[in-house]
Amino acid sequence: MRRLPAGGWVDRSAPLRFTFGGRQYQGLRGDTLASALLCNGLGDAFRSPVLGRPRGVMTAGPEEPCALVEVSAPRFDLIAPATMVPLVDGLAAAAVAGVGRLPGPGVEAPGAQHRHAHVETLVVGGGVAGLGAARRAAMRGDRVLLVDERSWLGGTARSFEVVEGLPAWAWVDATAAELRAAADVTLLPDSTALGVYDAGYVVVHERSRPVERVWHVRARRVVLATGAHERPIAFAGNDRPGVMLSAAVLTYLDRFGVLPGERAVVFTTGDAGYLAARALRQAGSPVVAVVDVRLQADAQRRARADGLQVIAGAVVAGTEGAGRVSAAVVAGADGARTRLEADLIAVSGGWNPVTQLHRAIGGGLRYATDRSCFVPDGGPDWISVVGAAAGEVPPTEPCWYVPADDLSEHFVDLQRDQTVADVAAALGTGLRSVEHVKRLTHIGTAVDQGRASGALAAEVVNQLLGAGPGAQGPTNARPPWSPVAYHVLAGPFRGALFDAVRRTPIHPAHVERGAVFEHVGQWMRPWYFPRDGESMWDAVLRECAAVRTGVGMIDASTLGKIEVVGADAPVFLDRMYSGAMSRLEVGQIRYGLMLGLDGMVFDDGVAMRLGSDRYLVTTTTGGAARVLARFEEWHQTEWPGLRAHCTSVTEQWATIAVAGPSAREVLRSAGTDVDVSRAAFPFMTWRDGRIAGVPARLARVSFSGELAFEVHVAGWHGRHVWEALLEAGQPFGITPYGTGAMEVLRAEKGFIIVGQDTDGTVTPDDLGMSWIVNMRKGDFVGRRSLRRADLLRRDRRHLVGLLPVERDELLPEGAQLVAAEHARASPPVPMLGHVTSSYRSAVLGGPFALALLSSGRERFGSVVYARTGAGTAEEAIAATVTAPVFYDPEGARRDG
Amino acid sequence: MLLVPCPWCGPRDEVEFSYGGQAGIAYPADPEALDDAAWADFLFMRDNPKGPFAERWNHVYGCRRWFDVVRDTATNDLMEA
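Residues numbered from 1 in each chain as written. Chains lettered and ligands numbered in written order. Predicted model: local features only at pLDDT ≥ 70, side-chain atom pairs only at ≥ 80, totals over all residues. Heavy atoms only, no water.

Can you walk me through the overall build of chain A in this structure?
Broken down by element type, chain A carries 18 helices and 51 strands. Relative to the compact-globule value of 29 Å for 896 residues, chain A shows a C-alpha radius of gyration of 38 Å, a clear excess of over 25%. The C-alpha extent of chain A, read off along each of the three principal axes, is 115 × 65 × 55 Å. When burial is assessed residue by residue, chain A has 59% of its 896 residues classed as buried. For chain A, the share of sequence-separated contacts (at least 6 apart) that also reach a separation of at least 24 residues comes to 64%. Within the structure as shown, chain A displays about 34900 Å² of accessible surface, and the carbon and sulfur contribution to it stands at 52%. Within chain A, the 96 negative side-chain charges are centred at a point lying 2 Å from the centre of the 92 positive side-chain charges. (Helix = DSSP H or I, 4+ residues; strand = E, 2+ residues; numbered from the N terminus. Rg over C-alpha atoms; globule rule 2.2 N^0.38 Å. Buried < 20%, exposed > 50% of the residue type's maximum accessible area, 1.4 Å probe, protein only. Contact = heavy atoms within 4.5 Å. Areas by Shrake-Rupley, 256 points an atom, 1.4 Å probe, with all protein chains shown as cover. Lys, Arg positive; Asp, Glu negative; His and termini not counted. Charge placed at Lys NZ, Arg CZ, Asp CG, Glu CD.)

See below:
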């Protein structure tokens, strides 16, 4: 293993320094890490992941199963084949045995950029076939993008080949120059097409830039010029360092000027091996013999005429060596065994066209008997496959594994350390399908995803089962074609950019006040406003007490708001809600449920009638988008003739709820021209006017059971009005409260939160809310389903209240409820329901909960058990079933 | 990723759309006139062919319009309905 004095595409005047396993070495510009390792005598520095056997560089491409490295500089890479890592000055890498290792905490994953591109033609693969296809497309005037996972163009073109009358490398240079000069042609080396998806969508991972890039490409045509990978042959000790594919031997000689061995045996099933034999000899390395499985071939005669020793009809049956190969054991046609000293065995078992991208988008495979391989067949009409990928590979005699009594060192998948014996054992269990064998043996599931082993494994299965070659093809292929780190796919969309965060216009005031926030959908809402030293529950209970005994205020701007406008708005809302919104007078407000077609509660909210043709409806904070979408769906697809328009106005309004017995005084003190007296401003009505000097709409709705006003003002006045109300409320001890207190207050009244106390299986009757469903007004969405037999069952789960028997125990939300006789029983036990909401309460003197409970309304007064652990008796909490309204059931407090 | 032909905006990436299931299932004129079996058939039963399938899409991150397309479920080829 050494650098030759001349030859290859490396720059001998440009030495590069790199470290491997912590030690300094030198390579050349143009090297890959693998070629640099080889000429530093480090080609054998690897270990197999399971058995710990010595392994060496076996290939020169992405199919490499052994030479896996972790790269720590210049840019971290968890695991990569050394054959695909371009050498750069300062590169630092180390061998890994098949399993990568995440960097420790504090190591920031490098960022990645994402960009989009639209082209007429995308070419995957920059070899001779791909460059030719790109040139044809460019001449047509297409926008062209050509990507290649290697750092050079030309693929496996050899210096001694001739393309269109030119030496291959000269042709590659000339064609690449022509393409670079063309308008609208982009050539991207070091860029892997990870997957080809519907309608010409291709995801490309570009690695050559300081910051990696993901390209989202939409192409009218995709040309797959992905080439072919040479196939290994399974023989005893075929994993020993020094066993290398013949095409890789050629690449190291021809492209990198590296001699991968001093004394070679070539083992071939076709003419390909002779190319390596001649190149080795030309480089000054003796070739002991070409072992050719064919009994006769023209290539054999020509090679003999050139003075090469050919052993026809023979196989390499085994290897010897302490670590690296020192000899090949050749079995002749007559069975006689010969030991040939060699430190390199160049293997050519035929070719596998690289069809994975094609298969993953629906392309098929067809077995080509003359070439002993699967070639692409069919597939979408916007994909064409060209060159070696299309099956333009040399004829090959089939030879998958070398028969022997002991097959336990005939390696099939070197990354999983799986042998022909392991495949045989899998078949011995009765498996027949290659897919099943893959799942039992894990062949093809390692970092290389079976590139080197997949086709071989399938044919080993065929041969062991006595089926002909090609009876079963390789296992299915799925993207990504090459492993890609999640941080690359995530790109910039992480941390603060992972999802949008919505803040109310009043948000800065909450921050200044030291609020603790919670995320509700995309919204950030104050959860509670702790004073010095207060725990969460201390703060929440203080905020609740303020609302029940004095006055509190909450930023309710996140409430979804939709304006429904048009002459048919009343009819439309009658069909969307359980209540008769058309019967509202202007100035009135009505609460309603929105049901799914299946009769289940979908959302809830109030409708305010603003005019004869105009409503403002509110939705839950998290439900605004889906309610608007539901309105649009029904309006557009079922009743396009209804004159109604729906517009989201959530962010146009800031909403502050002022709740508590002193709410009226606070509004008056803040300065309003609306008469907020009990007589002039009844419950469930709204009034327009001014507050704190700005226009406002006041609404008398209550989610706490206390006297309450919602103050709606234009978003940009939100902060001003918040501060004004806070100041006006000082004499009354006004207390800002968050979602924590809001939830306790509403639950004490038995008011549901859709999505917390309901889960898409809950009907209005289950909630005890049949009173809100107007069955006399005509049809509305979900109405017919309410009569379905399943929705009339008496054992449906009803919303109930729970009071823990031990009055200081808090039931965990989500806990399953069981009957007393199952409180101590080992699971599985019948589950009667579950806890949906659970809080502490000052006015109730202890914790309480809401729950959905089978036949719950028939169980009032009985005791159920909340199972809170794995099944031990101590982990069940007893609770008494009650009606779900705990506080002020007669509603005496809502008018203050 | 599909390229969905929005009749208003032109072809756009699939991620801009939400899927609405089988097209052409009209809401019954008088749901109350249907017995439980007929209502359940409307509510729950949908075709699942291999081949051309008329289905609904909503350009939810675009013009927000609903429209129908025909998709070949075997090839994912989309055609305007």
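Help me understand the overall build of chain B, please; the structure alone is not making it clear to me.
Secondary structure assignment for chain B yields one helix and six strands. Mapped from its N terminus to its C terminus, chain B presents α and β elements in the order β-β-β-α-β-β-β. Oriented by its inertia axes, the alpha-carbon framework of chain B measures out at about 40 × 30 × 20 Å. Every one of the 81 residues in chain B was classed for burial, and the buried ones make up 40%. In chain B, the share of contacts with a sequence separation of at least 24, taken over all contacts with a separation of at least 6, comes to 46%. Counting only carbon and sulfur atoms, one obtains 53% of the accessible surface of chain B, whose full area is about 4600 Å². For chain B, the centre of its 7 positive side-chain charges and the centre of its 14 negative side-chain charges are spaced 7 Å apart.

How should the interface of chain B and chain A be read in this particular structure?
At the junction of the two partners, chain B supplies 22 residues and chain A supplies 25 residues. When the buried surface of chain B facing chain A is broken down by residue, Met1, Tyr27 and Glu32 of chain B rank first, second and third, together holding 32% of it. The salt bridge partner of Glu633 of chain A is Arg56 of chain B, with a shortest N-O separation of 2.6 Å. Where chain B meets chain A, there are 16 residue pairs in polar contact (both at pLDDT 80 or more). When grouped by side-chain class, the residues that make up the side of chain B that touches chain A number 13 nonpolar, two polar and seven charged. (Buried area = accessible area lost by both parts, 1.4 Å probe. Salt bridge = Lys/Arg side-chain N within 4 Å of Asp/Glu carboxyl O. Polar contact = N/O pair within 3.5 Å; in protein donor to acceptor, adjacent residues only side chain to side chain. Nonpolar A, V, L, I, M, F, W, Y, C, P; charged D, E, K, R; others polar.)

Explanation requested: the environment of Ala670 of chain A in the structure shown.
As for its position among the elements, Ala670 of chain A is in helix H16 (residues 663–670). Other than its neighbours up to four places away in sequence, Ala670 of chain A contacts Ile691, Ala692, Ala724, Leu725 and Ala728 of chain A.

What's the story with the side chain of Arg371 of chain A in this structure? I'm lost.
Residues and elements named next belong to chain A. Along the chain, Arg371 turns up in the loop between strand S28 (364–368) and strand S29 (373–377). Under the relative-accessibility criterion, Arg371 is labelled buried at 18%. At 2.5 Å, the side chain of Arg371 forms a polar contact with the backbone oxygen of Gly391. For Arg371, the contacting residues outside a window of four places in its chain are Arg231, Gly391, Val393, Pro394, Pro395 and Thr396.

Can you walk me through the packing of helix H4 (residues 246–254) of chain A against helix H5 (residues 272–282) of chain A in this structure?
Between two packed helices, the angle of one axis relative to the other and the distance separating the axes together describe the packing. Residue and element names in this part refer to chain A. Where H4 meets H5, the closest approach of the two axes is 9 Å, and the angle between their N-to-C directions is 35°. Crossing angle aside, the handedness with which H4 passes H5 is left-handed. Packed against H4, whose contacting residues are Ser246, Val249, Leu250 and Leu253, the element H5 presents Ala272, Gly273, Leu275, Ala276, Ala279 and Leu280 at the interface. (Axes fitted to C-alpha atoms, helices over the stretch in contact; angles between N-to-C directions. Left-handed = near helix turned anticlockwise from the far one by under 90°.)

Would you explain the pairing of strand S2 (residues 11–20) of chain A in this entry?
Within a regular strand, the side chains alternate between the two sheet faces. All names here are of chain A. Note: S2 against strand S3 (residues 23–29), seven bridges, orientation antiparallel. Bridging from a neighbouring strand, Asp11 pairs with Arg29 of S3. Connecting S2 to the antiparallel partner S3 that follows it, the hairpin turn spans two residues, and Gly21 within it adopts a positive phi of roughly 60°. (Pairing = 2+ DSSP bridges.)

What is the right way to read the pairing of strand S36 (residues 560–565) of chain A from this model?
Residues and elements named next belong to chain A. The buried count for S36 comes to six of six residues, which makes it a mostly enclosed element. Across six bridges, S36 lies against strand S39 (residues 614–619) in antiparallel orientation. Bridging across to S39, Ile562 finds its partner in Val617. Pairing analysis gives four bridges linking S36 to strand S40 (residues 645–648), with the strands arranged antiparallel.

How do you make sense of the sheet that holds strand S21 (residues 287–292) of chain A when you look at a structure like this?
In any sheet, the strands associate via hydrogen bonds between backbone groups, in a parallel or an antiparallel arrangement. Residue and element names in this part refer to chain A. Strand order in the open sheet made by the five strands is S18-S26-S20-S21-S22, with parallel pairing throughout. Bordering the open sheet on either side are strand S18 (243–245) and strand S22 (310–312), each of which pairs with just one other strand. The average undirected angle you get between the axes of adjacent strands in this sheet is 20°. The sheet contact formed by strand S20 (residues 264–268) and S21 spans five bridges and is parallel. Paired with Val266 across the strands is Val290, a residue of S21.

Just to check I follow, could you spell out the pattern of salt bridges for this structure?
If charged atoms from side chains of opposite charge come close, those side chains can pair. Residues and elements named next belong to chain A. For the structure shown, the criterion picks out 50 salt bridges over all chains. Residues Glu70 and Arg101 are paired through a salt bridge, measuring 3.2 Å at the closest nitrogen-oxygen approach. Of the two residues, Glu70 sits in strand S6 (residues 68–73) while Arg101 sits in the loop between strand S8 (91–95) and strand S9 (112–124), which places them 31 residues apart along the sequence. Among the residues examined, Glu70 registers a relative accessible area of 10% and is labelled buried. Arg700 is paired through a salt bridge with Asp895; the nearest N and O atoms lie 2.6 Å apart. Here the residue Arg700 occupies a position in the loop between strand S43 (694–699) and strand S44 (708–714), and Asp895 occupies one in the segment after strand S51 (876–882), the gap between them amounting to 195 residues. Relative accessible area serves as the criterion here: at 1%, Arg700 is assigned to the buried category. Each of Arg53, Arg55, Asp239, Glu409 and Asp417 takes part in a single network of salt bridges with overlapping partners.

How do you make sense of unusual backbone geometry when you look at a structure like this?
Peptide bonds are trans in most cases, and residues, glycine excluded, mostly fall at negative phi. Residue and element names in this part refer to chain A. Pro480 follows Pro479 through a cis peptide bond whose omega is 0°. Position of Pro480 relative to the elements: it lies in the loop between helix H10 (454–464) and helix H11 (486–490). For the bond from Pro827 to Pro828, the omega torsion is 5°, close enough to zero to count as cis. For Pro828, the position within the fold is in the loop between strand S47 (816–818) and strand S48 (833–839). Within the chain, His442 stands out as a residue other than glycine whose phi angle is a positive 65°.

When you look at the nonpolar core in this model, what are you seeing that I'm missing?
A general feature of soluble globular proteins is that nonpolar side chains tend to end up buried together. Residue and element names in this part refer to chain A. Ranked by internal contacts, the top residues of the largest apolar core, which has 80 residues, are Phe18, Phe20, Leu33, Val69, Phe235, Tyr252 and Phe267. It is helix H1 (residues 33–39) that contributes the most residues to this core, six residues altogether. Excluding anything up to four places from it in sequence, Phe20 contacts Tyr25, Leu37, Leu42, Ala45, Phe46, Val69, Ala93, Ala94 and Ala95. If you look at the next biggest cluster of nonpolar residues, it comprises 35 residues, including Ala539, Ala657, Val754 and Leu786. (Core = buried A, V, L, I, M, F, W, Y, C linked by side-chain atoms within 4.5 Å.)

I would appreciate a short explanation of helix H1 (residues 36–44) of chain B in the present structure.
Residues spaced three or four apart along an α-helix face the same direction, because each turn holds 3.6 residues. The set of residues buried in H1 of chain B consists of Trp39, Phe42 and Leu43 of chain B. Projected onto a plane normal to the axis of H1 of chain B, the buried residues spread over an arc of 95° and lie on a single side. (Arc of directions from axis to C-beta.)

I keep staring at the sheet that holds strand S37 (residues 589–595) of chain A and nothing clicks. Help me out?
Residue and element names in this part refer to chain A. Read across the sheet, five strands follow the order S37-S38-S39-S36-S40 without closing on themselves; strand pairing throughout is antiparallel. Of all strands in the sheet, those bounded by a partner on one side alone are S37 and S40. Going from strand to strand, the sheet's axes swing by 30° on average, the running direction of each strand aside. Where helix H15 (residues 624–637) meets the sheet, it contacts S36, S37, strand S38 (601–611), S39 and S40, and its direction lies at approximately 20° from that of S36.

Could you clarify how one ought to interpret the environment of Leu803 of chain A in this entry?
Residues and elements named next belong to chain A. Note on placement: Leu803 falls in strand S46 (residues 797–804). According to the relative accessible area criterion, Leu803 is partly exposed, its value standing at 25%. Along the primary structure Leu803 and Val863 are separated by 60 residues, whereas in three dimensions their C-alpha atoms are 9.3 Å apart. With residues up to four places along the chain from it excluded, the contact list for Leu803 reads Pro847, Phe848, Ala879, Thr880, Thr882 and Phe886.

For this particular structure, what's the right way to read the confidence of the model for chain B?
Any residue range with low pLDDT should be treated as having predicted coordinates unsuitable for detailed reading. Residue and element names in this part refer to chain B. Averaged over every residue, the pLDDT of chain B is 95; the share at 70 or more is 100%. Within chain B, the element-level pLDDT minimum falls on strand S6 (residues 78–80), averaging 87, and the maximum on strand S4 (residues 52–58), averaging 97. ipTM for the predicted complex: 0.97, alongside a pTM of 0.90. (pLDDT = per-residue confidence, 0-100.)

Please clarify how H4 of chain A should be interpreted in this entry.
The buried fraction of H4 of chain A amounts to nine of the nine residues, a majority that puts the element mostly inside the structure. Of all the positions in H4 of chain A, only Ser246, Ala247, Ala248, Val249, Leu250, Thr251, Tyr252, Leu253 and Asp254 of chain A are classed as buried.

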